[in-house]
Amino acid sequence: MHDADELLAFADVMDSGSLTLSARRLGVAKSTLSRRLQQLEARLGQPLMRRQSNRLEPTEAGRVFHDYCLRLIALADKGRQALDELREEISGELTLEVHEGLSRTWVAPALDAFMARHPALKLNLLTRDQLPGQAACHSVAVWYGETGETALRQETVARLPRGLYAHPDYLARHGTPSHPRDLDGHAWIDLLGEAERGLVLRHPREGEHDVCPPGSRLRVDRLLLHSDAIARGHGLGVLPVWMAERRRAAHPDQLVRCLPDWQASAMPVSLLYPHGHRPRKVTALLEFLRGACPADWATAPEAAPAEA
């Protein structure tokens, strides 16, 4: 094992070329600094420095070892930082950016427990309808749907199946479909043009069926508005089963599941955060969000486990 004081002495003398200057910068006696260098050379079994004129120059062994010395010092600093964070109370400021479809239905109610657990923490909760392109080191994003290319680290915590829903009055007027081919001619509520790109419904025994919904008279850009429009009887629409069933539990007369054995492709729920070292408060928030996922996400047919 290398002594940290010896490594710091060698690194500083390599930078300054002077025992006198390095002793002043490190706040130790020149004799102490010289002894540390001699002890390091004795451990390595090779001389690391030689005097040339009025300056200390590295030997070939010194140049080779210098790079490893700097890495060891940096690693020790990271270790001390990690231990210091363990002693610190989780405090300061965090920013959580949340997809609008998950803000009220999941994240905001769940955060009550996180705030109670960390009373010294200040949290900024921001609702987003577009994925942030980048995030600060004290920021986390929670997203519903495909993310595409992103500079952030992405961790999928669930995949939420989706189903077809309508208001019971709409079905009373226009009929209840018994197969995807019966969907022709029905009114659609379109979310961000998704229906215009075509829709694939999957059945566990009958396989896939391509649906080409007609143009929608009502197009919305937010998941909650989509749910509201379907619940007001404007037509059929695809919703996350978890979200729709929560609404049905609170308002049984608003939504009916159509073609319950058929599912649209599942949508991921992801945590996104910067690469590299994470402050302890960010790690605490990520761990909390993983554990706060609704229980029925884990048992959903297409749910995926959280990444390590």
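Heads up: the structure comes first, above all this text.
Note that this is a predicted model, so its numbers are computed, not measured.

**Remarks on the overall build of the chain**
When helices and strands are tallied, the chain shows 10 helices and 13 strands. For a compact globule of 308 residues, the expected C-alpha radius of gyration is about 19 Å, and the chain comes in at 30 Å, more than 25% above that figure. In terms of its C-alpha atoms, the chain occupies a principal-axis envelope of roughly 100 × 40 × 30 Å. Every one of the 308 residues in the chain was classed for burial, and the buried ones make up 45%. Residue pairs in contact within the chain that sit at least 24 positions apart in sequence constitute 74% of those at least 6 positions apart. Accessible surface, the chain as shown: approximately 16,700 Å² in total, 49% of it carbon and sulfur.

**Points about the side chain of glutamine 254**
Of note, glutamine 254 is situated in the loop between α8 (241-250) and β12 (256-258). A polar contact of 2.7 Å, which involves the side chain of glutamine 254, links it to the side chain of arginine 247. Each residue touching glutamine 254, except ones within four places of it in the same chain, is listed here: Ala166, His167, Pro168, Ala231 and Arg247.

**A closer look at the packing of aromatic side chains**
Scanning all chains against the criterion turns up 4 aromatic pairs. Through a chain of ring-to-ring contacts, three or more aromatic side chains come together here, namely Trp106, Trp242 and Trp297. If you follow arginine 71 out to its NZ or CZ, it ends over the ring of tyrosine 68, 5.3 Å from the centre.

**Here's the deal with the layout of surface pockets**
Space inside the second largest pocket adds up to approximately 260 Å³. For the second largest pocket, the full set of lining residues is Arg104, Thr105, Leu224, Asp228, Met243, Arg246, Arg247, Ala250 and His251. Among the secondary structure elements, those contributing two or more residues to the lining of the second largest pocket are α5 (100-117), α7 (223-231) and α8. With 4 residues, α8 is the single largest residue contributor to the lining of the second largest pocket. Here the residues of the lining of the second largest pocket sort into 3 nonpolar, 2 polar and 4 charged.

**Side note on helix α3 (residues 30-44)**
The first and last C-alpha atoms of α3 sit 21 Å apart over 15 residues, in line with the 21 Å expected at 1.5 Å per residue. Every buried residue belonging to α3 is among Thr32, Leu33, Arg36, Leu37 and Leu40, and all of these are buried. Buried positions in α3, seen along its axis, are confined to an arc of 140 degrees and lie on one side of it. Those residues of α3 that are exposed and aimed more than 90 degrees away from the buried face are Ser31 and Ala42. The positive-phi residue at the C-terminal boundary of α3 is glycine 45, with phi of around 75 degrees.

**Some words on the environment of proline 268**
Considering the arrangement of structural elements, one finds proline 268 in strand β13 (residues 263-273). According to the relative accessible area criterion, proline 268 is buried, its value standing at 2%. Between the C-alpha atoms of proline 268 and threonine 156, which are 112 residues apart in sequence, the distance is 6.4 Å. Aside from chain neighbours lying at most four places away, what touches proline 268 is Trp143, Tyr144, Gly145, Glu146, Thr156, Ala158 and Arg159.

**Examining the nonpolar core**
Ranked by size, the top nonpolar core spans 35 residues in total, and within it Leu96, Leu102, Trp106, Val142, Leu289 and Trp297 carry the most contacts. Put simply, the parts of the chain that give this core at least two residues each are β3 (92-99), α5, β4 (121-128), β5 (139-144), β6 (153-166), α8, β13 and α9 (280-291). If sequence neighbours within four positions are ignored, leucine 102 has contacts with Val107, Val142, Trp143, Tyr144, Trp242, Val269 and Trp297. By size, the runner-up hydrophobic cluster in this structure holds 18 residues, among which are Ala9, Leu19, Leu48 and Leu56.

**Focus: unusual backbone geometry**
With phi around 45 degrees, leucine 259 is a residue other than glycine that occupies positive phi space. With respect to the helices, strands and loops of the structure, leucine 259 is situated in the loop between β12 and β13. A residue is classified by how much of its surface remains accessible, and leucine 259, at 6% relative accessible area, is buried.

**A few points about the packing of helix α2 (residues 19-26) against α3**
In the contact formed by α2 and α3, the axes pass within 9 Å of each other and the chain directions differ by 105 degrees. By the angle class used here, α2 and α3 are roughly perpendicular. Judged by residue contacts, Leu19, Thr20, Ser22, Ala23 and Leu26 of α2 engage Lys30, Leu33, Ser34 and Leu37 from α3. Residues that form the contact of α2 with α3 fall into these classes: 5 nonpolar, 3 polar and 1 charged.

**Description of the state of the cysteines**
The full count for this structure, using the stated rule, is 0 disulfides. Here cysteine 258 stays free of any disulfide, with the sulfur of cysteine 212 as its closest cysteine sulfur at 18 Å. Judged by relative accessible area, which is 1%, cysteine 258 ranks as buried.

Scoring rules and cut-offs
- Residues numbered from 1 in each chain as written.
- Predicted model: local features only at pLDDT ≥ 70, side-chain atom pairs only at ≥ 80, totals over all residues.
- Heavy atoms only, no water.
- Helix = DSSP H or I, 4+ residues; strand = E, 2+ residues; numbered from the N terminus.
- Rg over C-alpha atoms; globule rule 2.2 N^0.38 Å.
- Buried < 20%, exposed > 50% of the residue type's maximum accessible area, 1.4 Å probe, protein only.
- Contact = heavy atoms within 4.5 Å.
- Areas by Shrake-Rupley, 256 points an atom, 1.4 Å probe, with all protein chains shown as cover.
- Polar contact = N/O pair within 3.5 Å; in protein donor to acceptor, adjacent residues only side chain to side chain.
- Phe/Tyr/Trp six-rings, centres within 6.5 Å; stacked < 30°, edge-to-face > 60°.
- Lys NZ or Arg CZ within 6 Å of the ring centre and 35° of its normal.
- 1 Å grid on protein atoms, 1.4 Å probe; cavity = no way out; pocket = protein on both sides within 12 Å on 5 of 7 lines; lining within 4 Å.
- Points joined across faces, edges and corners; volume = space filled by probe spheres on them.
- Nonpolar A, V, L, I, M, F, W, Y, C, P; charged D, E, K, R; others polar.
- Expected span 1.5 Å × (residues − 1).
- Arc of directions from axis to C-beta.
- Core = buried A, V, L, I, M, F, W, Y, C linked by side-chain atoms within 4.5 Å.
- Axes fitted to C-alpha atoms, helices over the stretch in contact; angles between N-to-C directions.
- Parallel < 35°, antiparallel > 145°, perpendicular 65-115°, else oblique.
- Disulfide = S-S within 2.5 Å.

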